[in-house]
Amino acid sequence: MMARFITTFSKEFAGARAAIAADAEAVSERLRTWGRPLSWMWTAVGAWDHAIPHLALVSVCIFLAWPIFGSDFPPGVDSPTFLHLSWVSEQAIRGRLESAFVDPYWYGGFPYLKAYPPLGYGLVGLISAVTTLGVGAVYGVFMVLSLVLIGTGTYWLGLEMGLRRLAATGAALAAVLAYPTLGAVFLWGWFTSLFALGLALFALGFLLKALRVGNVRYAVVSGVLFALVVLTHHMTAFAFGFALAVSSIVMVALQRKNWRPMLKQYAVVVGVALVISGPWVALFTLHLLDVGFRREIPGNWIVPLTDWRRNALNAEFIGIYWYPSYLGAVLIPAAVVGLSFALRQGVRWVAIAVLLLVFTLFSFGAATVPLYRAFPFSGMDVARFPVYMAPFLGLMVACGLQGVERLIQASWPHLKGRVPSVVVVVGLFAVVFLPMSRDASRARASAHPYKVATEVKAALSYVQEKVPPANQGENERLFTIGFWTWGSFLAPYLTDRPLADGWADEGAASWREVRQLRYMSWSGQVDAMIAHSLLRQLGVRWVVVYDSYPLEHPVQWADAMRKQRELFNEGPTWGPVTTFRVQQ
């Protein structure tokens, strides 16, 4: 009986083991099947053939961005936005906020997670909280990572479009060397735009691969990446979505046949992106409609087309806070040459050309594009579009260089064996990239990290002693003048006290009152009585005036408040920094 039991058990055990092995093999095969959409990128990134281009791109990006390190904080007009939101995210993760979903420092309570896409600054805050590194250092690293993403995204998109490795590397270098890209780092500090742009390039590459091979899993990956773009920067996502819609219509019209499979891939991308990002988009939309924010100027800039044409080729605009600005005296003509080649390379290159043309058209502003006068286009920022153009200009440059090389080889076939193609391409690259490198060097030299003045630290330390914490009174907020955008970060960061304003008015319920105060700053026509009424309405107890940025007219503010002693009580002064107490 024992022998029979052992025999039966052995058979059952062997059968079970075989079934388990079969199930494991089936699971493994399924995982391998679902992993194939990523295998092309994973394998290529790790392949020696692509190691040198990636190493070169990472090295160039680190070299270009190095000036943002070395002082208190990285530079940029918009940097305080993301430094502040990163710091607030860090505080929330560490449990230091009364509510993890509300920023208590801006606008008397700012629902930051639904008023601004949370992925970019959320990652900075998370890593800062986990590693205990300062938000400034982590932000700087992410800015370098954003440059790397733009470069590698352009590289892989170029390979998908049929460029050889050397040409794809040239496209990537053009994208990161372009002044709009570097201006977004050094001048404006558009961290989320750059990070989202890098993700969008990879998403576009997967979409084009899905359309080429007909594999829906590539479309799924593309949808996931586009969702991450939405959760990183909503305006970048909207701009790409609109441009892709136009591009897809052109592709379907040119394709005529096999358009149904194309629509299937597009539907998968859109569906996956909506499933992942839809909940946040719904919250954001409801909040935006409730706030009712509208820009004073459609597209945020008045852009005469004549100025755009002149300024785009004028390198004197490098490092100047204005738009239209420099685009590239060499980049533009080289891209136009490449465009003439691209339009003869098939439907996919036509689609890329359409994307570039849409971004270019929208960079002209409301004077040329009537859509800017309609919501939601009116809320976009004209000056971002040259940044979106940069990778596609780089692709056109590479397409043109590769096309010129083929023309040379076709015209003088006897040179094909004697003069390697790499010599021809490198020679052509030098014509384009030497001037671009000069422009990039000039932009890099103009970048200086932001250093907090000793007087500012002393003044804010004094205010911290006098103003109760945020949870001890609704009417104990600060208002800063003359800091430009930096007061919105430095005041809460150094005092742990709330502000009446911030640097994201489009998400604030009090944007109308804040805008009236901003008008006074921008115009210099300060009415102390109206300002006092608005400041009291916003719960302001202290005004800190820093004579640093003249376009906010800090001197006029200080003079106007001194003349109304019954409304404003002048406090201590530290060099260019003066404090005023708002009388109740």
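Residues numbered from 1 in each chain as written. Predicted model: local features only at pLDDT ≥ 70, side-chain atom pairs only at ≥ 80, totals over all residues. Heavy atoms only, no water.

Let's talk about the overall build of the protein chain
Reasoning step 1: Counting its secondary structure elements, the protein chain contains 22 helices and four strands.
Reasoning step 2: Of all 584 residues assigned to the protein chain, the portion counted as buried reaches 53%.
Reasoning step 3: Excluding contacts between residues fewer than 6 apart, the proportion of contacts in the protein chain whose partners are at least 24 apart in sequence is 75%.
Reasoning step 4: Carbon and sulfur atoms make up 64% of the accessible area of the protein chain, which amounts to about 25900 Å² in all. (Helix = DSSP H or I, 4+ residues; strand = E, 2+ residues; numbered from the N terminus. Buried < 20%, exposed > 50% of the residue type's maximum accessible area, 1.4 Å probe, protein only. Contact = heavy atoms within 4.5 Å. Areas by Shrake-Rupley, 256 points an atom, 1.4 Å probe, with all protein chains shown as cover.)

Focus on the nonpolar core
Reasoning step 1: Of all hydrophobic cores here, the largest spans 196 residues; its most connected members are Ile352, Phe392 and Val543.
Reasoning step 2: If one sorts the elements of this core by residue count, helix α9 (residues 191-213) sits on top with 16 residues.
Reasoning step 3: Leaving out residues up to four positions away in the same chain, isoleucine 352 has contacts with Met161, Leu204, Leu208, Phe392, Leu395 and Met396. (Core = buried A, V, L, I, M, F, W, Y, C linked by side-chain atoms within 4.5 Å.)

As for the pattern of salt bridges
Reasoning step 1: Under the defined criterion, the tally for this structure stands at 15 salt bridges.
Reasoning step 2: Measuring nitrogen to oxygen at the nearest pair gives 2.7 Å for the salt bridge that ties aspartate 307 to arginine 310. Taken together, the residues span about one helical turn, with aspartate 307 and arginine 310 both in helix α13 (residues 305-311) at a distance of three residues.
Reasoning step 3: Residue classification places aspartate 307 among the partly exposed positions, given a relative accessible area of 21%.
Reasoning step 4: Of the charged contacts, one joins glutamate 316 and arginine 442 as a salt bridge, the two residues approaching to 3.5 Å between their closest N and O atoms. In this pair, glutamate 316 is assigned in the loop between α13 and α14 (331-342) and arginine 442 in helix α17 (residues 421-445), connecting sequence segments 126 residues apart.
Reasoning step 5: Looking at glutamate 316, the relative accessible area reads 51%, which means it is exposed.
Reasoning step 6: Members of the salt-bridge network, linked through shared partners, are Glu160, Lys209, Arg212 and Arg348. (Salt bridge = Lys/Arg side-chain N within 4 Å of Asp/Glu carboxyl O.)

Remarks on helix α11 (residues 234-255)
Reasoning step 1: End to end, α11 covers 31 Å across 22 residues, agreeing with the expected 32 Å (1.5 Å per residue, within 8%).
Reasoning step 2: Residues of α11 that are buried include every one of Met235, Thr236, Ala237, Ala239, Phe240, Ala243, Leu244, Ser247, Ser248 and Met251, and no others.
Reasoning step 3: Elements that come into contact with the buried residues of α11 comprise α9, α10 (216-232), α12 (259-291), α15 (347-362) and α16 (385-411). (Expected span 1.5 Å × (residues − 1).)

Thoughts on a nonpolar patch on the surface
Reasoning step 1: A grouping of Ile93, Leu126, Ile127 and Val130 is seen on the molecular surface, where their side chains present a nonpolar patch of about 340 Å² in accessible area.
Reasoning step 2: Here the element with the most residues in the nonpolar patch is helix α5 (residues 119-131); it accounts for three residues.
Reasoning step 3: The topology assignment puts isoleucine 93 in helix α3 (residues 79-93).
Reasoning step 4: Looking at isoleucine 93, the relative accessible area reads 44%, which means it is partly exposed. (Patch = residues over 30% accessible without salt bridge, like charges linked within 9 Å, V, L, I, M, F, W, Y side chains within 5 Å.)

Overview of α16
Reasoning step 1: A rise of 1.5 Å per residue sets the reference length of α16, with its 27 residues, at 39 Å; its end C-alpha atoms lie 38 Å apart and thus fit the reference within 8%.
Reasoning step 2: At proline 391, α16 is deflected by roughly 30°, the largest bend along its length.
Reasoning step 3: Counted residue by residue, α16 has 21 buried out of 27 residues, so it is predominantly covered. (Bend = angle between axes of the 7 residues up to and from the residue.)

So, the packing of aromatic side chains
Both the distance between ring centres and the angle between the ring planes are used here to describe each pair of aromatic rings.
Reasoning step 1: Scanning all chains against the criterion turns up 50 aromatic pairs.
Reasoning step 2: Here the aromatic rings of phenylalanine 242 and phenylalanine 362 are separated by 5.4 Å at their centres, their planes lie at 70°, and the arrangement is edge-to-face. With phenylalanine 242 in helix α11 and phenylalanine 362 in helix α15, this pair connects stretches of sequence that are 120 residues apart.
Reasoning step 3: A relative accessible area of 28% places phenylalanine 242 in the partly exposed class.
Reasoning step 4: A residue is classified by how much of its surface remains accessible, and phenylalanine 362, at 4% relative accessible area, is buried.
Reasoning step 5: Taken together through their ring pairs, the aromatic side chains of Phe238, Phe240, Phe242, Phe359, Phe362, Tyr372, Phe377, Phe385, Tyr388 and Phe392 make up a single cluster.
Reasoning step 6: Seen from the ring of phenylalanine 375, arginine 294 lies directly overhead, with NZ or CZ sitting 4.3 Å from the centre.
Reasoning step 7: The ring of phenylalanine 341 carries the charged tip of arginine 344 above its face, separated from the ring centre by 5.2 Å. (Phe/Tyr/Trp six-rings, centres within 6.5 Å; stacked < 30°, edge-to-face > 60°. Lys NZ or Arg CZ within 6 Å of the ring centre and 35° of its normal.)

Remarks on the sheet that holds strand β2 (residues 540-546)
Reasoning step 1: The four strands lie next to each other as β1-β2-β4-β3, forming an open sheet whose pairing is mixed. For this open sheet the edge positions go to β1 (477-481) and β3 (568-574), each flanked by a neighbour on one side alone. Taking the axes of each pair of neighbouring strands and ignoring which way they run, one obtains an average angle of 20° across the sheet.
Reasoning step 2: Note that β1 and β2 share five bridges and pair parallel. (Pairing = 2+ DSSP bridges. Axes fitted to C-alpha atoms, helices over the stretch in contact; angles between N-to-C directions.)

With respect to empty space enclosed by the protein
Reasoning step 1: Throughout the structure, instances matching the rule amount to four cavities of 30 Å³ or more.
Reasoning step 2: If you add up the space inside the largest cavity, you get close to 180 Å³.
Reasoning step 3: Surrounding the largest cavity, 18 residues form its lining, Pro180, Tyr323, Ser325, Ala383 and Pro386 being those nearest its centre.
Reasoning step 4: Considering each element in turn, the lining of the largest cavity owes the most residues, six residues, to helix α8 (residues 179-188). (1 Å grid on protein atoms, 1.4 Å probe; cavity = no way out; pocket = protein on both sides within 12 Å on 5 of 7 lines; lining within 4 Å. Points joined across faces, edges and corners; volume = space filled by probe spheres on them.)

Description of the environment of methionine 235
Reasoning step 1: Tracing the backbone shows methionine 235 in helix α11.
Reasoning step 2: For methionine 235, a relative accessible area of 9% gives the class buried.
Reasoning step 3: Each C-alpha atom of the pair methionine 235 and proline 117 lies 9.8 Å from the other, and the pair is 118 residues apart in sequence.
Reasoning step 4: If sequence neighbours within four positions are ignored, methionine 235 has contacts with Gly379, Met380, Asp381, Arg384 and Tyr388.

Topic: the pairing of β3
Reasoning step 1: The pairing of β3 with strand β4 (residues 577-582) spans five bridges and is classified as antiparallel. From the neighbouring strand, tryptophan 574 faces β4, where its bridge partner is valine 577.
Reasoning step 2: Count of turn residues in the β3/β4 antiparallel hairpin: two residues, of which glycine 575 carries a positive phi of about 60°.

Notes on the packing of α10 against α12
Reasoning step 1: Where α10 contacts α12, the two axes come as close as 7 Å, and the packing angle between them is 30°. The crossing of α10 and α12 is right-handed. Each of Val216, Ala219, Val220, Ser222, Gly223, Val224, Phe226, Ala227, Val230 and Leu231 in α10 lies in contact with α12, whose residues at this interface are Gln265, Val268, Val269, Val272, Ala273, Ile276, Ser277, Trp280 and Val281.
Reasoning step 2: Looking at the contact of α10 with α12, its residues break down into 15 nonpolar, four polar and no charged. (Left-handed = near helix turned anticlockwise from the far one by under 90°. Nonpolar A, V, L, I, M, F, W, Y, C, P; charged D, E, K, R; others polar.)

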